[in-house]
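Coordinates in review
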2 protein chains.
Amino acid sequence: MSTEIPAHLEHLVTNPNFGSLATVRPDGTAQVNPMWFEFDGTNVLFTHTTKRAKFRNLQHNPSMAFSIFDPEDPESYIELRGVLDEVRPDPTGAFYVHLGKRYGNATQEAPPDSADRVILVMRISKVIGR
Amino acid sequence: MSTEIPAHLEHLVTNPNFGSLATVRPDGTAQVNPMWFEFDGTNVLFTHTTKRAKFRNLQHNPSMAFSIFDPEDPESYIELRGVLDEVRPDPTGAFYVHLGKRYGNATQEAPPDSADRVILVMRISKVIGR
């Protein structure tokens, strides 16, 4: 299975688009919500906290599916499937600040829940898109 | 659990936004991609076919989670959780055409796969948003 991002869809992962991250809850039901992200060329990185439902879902089932479309051309989209590969502590919220700036807030400050902040590192196992 | 759409988020379900529909695959992993939809005041309706992975996922696990954000203000979003309540045949693709027009294509024609077209009716069991 390809884990390469096709060239014509690369803008979807490099631009500061909002994507929708789906996980599976412990009861086996689906969960999805919009997320900031950054693609580092290999993995997809998200800011999150250890206190939220999505984090608990991922401890139970590491599966992640992430869908991004171009708001200017929503028929063009990419779905990345993979798993939570690593949880990196971010106790100063530095990565949150980095993402906030990436998404256009030049004066982004660290969030009140910085102490609980982590970086979710998603390893891509399959790329689907058009 | 509330199944009411909060007034300040109603535009998310009434406007022709693209949402992201998450399901769970038979192997327990998450799947998500952008979808056209229509909210009928109670349920969320999607056009789909009986030949696709998402349809097979839903036969196995009826859980659906649907996330919509406003492209003009992506921090405002709604997540609808629920289940596949009904599959309505749409063998002429009429609902596909209806949605195509809702999403701005005034001359939308029926798709080549009309014979396999169905309407997925999602019953909402929980509403989350901000």
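Residues numbered from 1 in each chain as written. Chains lettered and ligands numbered in written order. Predicted model: local features only at pLDDT ≥ 70, side-chain atom pairs only at ≥ 80, totals over all residues.

1. A short note on the interface of chain B and chain A
To keep it simple, the criterion reads: Two residues qualify as being in contact provided that their C-beta atoms, derived from the backbone, are within 7 Å of each other. Working definition: helices are DSSP H or I runs of at least four residues, strands are E runs of at least two. Numbering for both runs from the N terminus. The residue classification treats Ala, Val, Leu, Ile, Met, Phe, Trp, Tyr, Cys and Pro as nonpolar and Asp, Glu, Lys and Arg as charged. All others, Gly included, are polar.
The interface is formed by 23 residues belonging to chain B together with 23 residues belonging to chain A. Counting residues per element, the ones that place at least two in the side of chain B that touches chain A are β1 (19–24), β2 (30–35), β5 (63–70) and β6 (73–89) of chain B. Taken together, the residues that form the side of chain B that touches chain A break down as twelve nonpolar, nine polar and two charged.

2. Observations concerning the nonpolar core
Soluble globular proteins tend to bury their nonpolar side chains together. What counts, and what does not: We call a set of buried Ala, Val, Leu, Ile, Met, Phe, Trp, Tyr and Cys residues a nonpolar core when their C-beta atoms link them within 7 Å. Here a residue counts as buried when 20 or more other C-beta atoms fall within 10 Å of its C-beta, as exposed when 12 or fewer do, and as partly exposed in between; the C-beta atoms come from the backbone.
Ranked by size, the top nonpolar core spans 62 residues in total, and within it A22(A), A30(A), A22(B) and A30(B) carry the most contacts. Look past the residues within four positions of A22(A) in its chain and what remains in contact with it is A30(A), Q31(A), V32(A), A65(A), A22(B), A30(B), Q31(B), V32(B) and A65(B).

3. Thoughts on helix α2 (residues 53–60) of chain B
All names here are of chain B. Defined as follows: The directions from the helix axis to the C-beta atoms are what the arc is built from.
All of the buried residues along α2 are K54, N57 and L58. The buried residues of α2 occupy an angular sector of 95° when projected down its axis, which confines them to one face. Turning to α2, the residues buried within the fold contact β1, β2, β4 (43–49) and β6.

4. Details of helix α3 (residues 94–102) of chain B
Residue and element names in this part refer to chain B. Among the residues making up α3, those that are buried are F95, Y96, V97 and L99. If you follow the buried residues of α3, they end up packed against β3 (38–39), β4 and β7 (117–129). Of the residues flanking the end of α3, it is G104, one or two places downstream, whose phi is positive at about 105°.

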